[in-house]
Amino acid sequence: MFEYTVKEDKAKIDSIIRQYLTFADEASLEDLSIFVSLDTTPLTILGLSSQGTVVATGDEALTFAPQLRQWTNIRELYFGKYSGARRGFVVGLREDGTVVSTDQNLFRLGDWGNIERIATGEDLIIGILSDGRVRATGNNDYGQCNVASWTDVVRIYPGKTCVVGLRADGTLLVSGRNHYNQHEAEEWTDIREVYITYGVSGAEYIYGLRGDGTLLRTDPGGSRVILTDLLVPTTCISRVFG
């Protein structure tokens, strides 16, 4: 996962921010939601004001700041990562459902609208529309962006070579590579959460947590049950598998 929103420990984040540049001349820290790029280097820290404007600080602020200062009416920010690099990009979701990005070459977002939620993967931006349809732009080497036919999607989980969509009825849709039998997950039902992980050999596994506590995993030899009657919170599973 390449988007991190840090709001819980305001004092800690404030101290981190003050080690770099300062937002003081542009906005009050108390008025900002803070977003930290924990998965990319150099470190980037963004501040989203209640008025929908964006400020930046950190090692890569000079790269992002000029574009971000022009953004308006932003309601949510997301970090994405480039494949094979520690550098990343920033995506902004506007109040009117349109989307902007700091990378206007790789991502084609000009005709996007009615977007309710964004997910980012490696070289990839995916948007869920208000009616449950999905749009994608970016790297399509494995067919990850082939999501135009998807409907009733409520959550998106991007992997390195595939994308998983969770539908309102608990079923899954999968686009992209099927080298490790990832598309087997489309046969699952009653899924509440999805996690994508990677083996030592680079194998991409999809985990699905069912409503009855059963944890499923895709496998080159076919889907299999990993655990049953799983009663731990999904946040704990996310720390293990996410």
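Residue positions within a chain follow its written sequence, with the count starting from 1. In keeping with the model being predicted, local features are shown solely for residues with a pLDDT of at least 70 and side-chain atom pairs are shown and tallied solely at 80 or more, while totals for entire chains, interfaces and linings include all residues. With hydrogens and water set aside, each side-chain value is computed from the structure's full complement of heavy atoms.

Looking at the confidence of the model for the protein
Inference 1: Residue-level pLDDT values for the protein average 81, and 74% of them are 70 or greater.
Inference 2: Overall, residues 1–8 carries pLDDT values under 50, and its contacts beyond four positions in sequence, including any with other chains, amount to 20 contacts.
Inference 3: The pLDDT value expresses, per residue, how confident the predictor is, ranging between 0 and 100. We call two residues in contact whenever any of their non-hydrogen atoms come within 4.5 Å of each other. When the criterion is pLDDT under 50, residues 231–242 qualifies, and its contacts beyond four places in sequence or with other chains add up to 13 contacts.

So, unusual backbone geometry
Peptide bonds are, in most cases, trans, and in most cases residues other than glycine have a negative phi.
Inference 1: With a phi close to 55 degrees, Asn 73 is a non-glycine residue in the positive phi region.
Inference 2: Residue Asn 73 is classed as partly exposed on the basis of its relative accessible area of 46%. Accessibility here uses a 1.4 Å probe with only protein chains present; expressed as a share of the type maximum, an area under 20% marks a residue as buried, one over 50% as exposed, and anything in between as partly exposed.

Remarks on the layout of surface pockets
Inference 1: The way it works is a 1 Å grid over only the protein atoms, where trapped points that fit a 1.4 Å probe form a cavity and open points with protein on both sides within 12 Å along at least five of seven lines form a pocket, and then any residue with an atom within 4 Å of a point lines it. Grid points are joined across faces, edges and corners, and a volume is the space filled by probe spheres set on the points. When its volume is computed, the second largest pocket comes out at roughly 170 Å³.
Inference 2: Together, Gln 67, Gln 70, Trp 71, Arg 94, Val 100, Ser 101, Asp 103, Gln 104, Phe 107 and Leu 109 line the second largest pocket.
Inference 3: Amino acids outside the nonpolar list (Ala, Val, Leu, Ile, Met, Phe, Trp, Tyr, Cys, Pro) and the charged list (Asp, Glu, Lys, Arg) are all regarded as polar, and Gly is one of them. Residue composition of the lining of the second largest pocket, by class: four nonpolar, four polar and two charged.

Re the sheet that holds strand 11 (residues 162–167)
Note on sheets: strands pair through backbone hydrogen bonds, and any given pair is parallel or antiparallel.
Inference 1: Strands are labelled as partners when DSSP assigns at least two bridges between them. Numbering of helices and strands starts at the N terminus; helices are DSSP runs of H or I of at least 4 residues and strands are runs of E of at least 2. Within the open sheet, the three strands sit side by side as 10-11-12. Their pairing is antiparallel. Each edge of the open sheet carries a strand with a single partner, namely strand 10 (153–158) and strand 12 (172–176). Averaged over all adjacent pairs, the angle separating strand axes in this sheet is 20 degrees, with direction ignored.
Inference 2: Here five bridges tie strand 11 to strand 12, and the two strands are oriented antiparallel to one another. Bridging from a neighbouring strand, Leu 166 pairs with Leu 172 of strand 12. Structural elements are reduced to axes, namely lines fitted to C-alpha atoms, with helices fitted over the stretch in contact, and the angle between N-to-C directions of any two is expressed from 0 to 180 degrees.

Quick look at the pairing of strand 13 (residues 191–198)
Inference 1: Buried residues dominate strand 13, accounting for six of its eight residues.
Inference 2: The pairing of strand 13 with strand 14 (residues 204–210) spans seven bridges and is classified as antiparallel. Opposite Val 194, over in strand 14, you have Gly 208 as the bridge partner.
Inference 3: If you look at the hairpin formed by strand 13 and strand 14, you'll find five residues sitting between the two strands, and Gly 202 has a positive phi there, around 95 degrees.

Regarding the side chain of Gln 144
Inference 1: Residue placement: Gln 144 occurs in the loop between strand 9 (134–138) and strand 10.
Inference 2: Looking at Gln 144, the relative accessible area reads 2%, which means it is buried.
Inference 3: In protein, a polar contact means a hydrogen-donor-capable atom and an acceptor-capable atom, both N or O and within 3.5 Å, with residues adjacent in sequence counting only if both atoms are side-chain atoms; elsewhere, any N or O pair within 3.5 Å suffices. Within the local environment of Gln 144, its side chain forms a polar contact with the backbone nitrogen of Asp 141, the two atoms lying 3.3 Å apart.
Inference 4: Those residues in contact with Gln 144 that lie beyond four places of it in its chain are Leu 124, Asn 139, Lys 160, Thr 161, Cys 162, Val 163, Ser 175 and Gly 176.

Considering the sheet that holds strand 6 (residues 99–101)
Inference 1: With antiparallel pairing, three strands are arranged side by side in an open sheet as 4-5-6. Looking along the sheet, the strands with just one partner apiece sit at the ends: strand 4 (74–81) and strand 6. When strand polarity is set aside, the average angle formed by the axes of neighbouring strands in this sheet is 20 degrees.
Inference 2: Summarising the sheet, strand 4 and strand 5 (residues 88–94) pair through seven bridges and their orientation is antiparallel. Considered in strand 5, the bridge of Phe 79 is made with Val 90.

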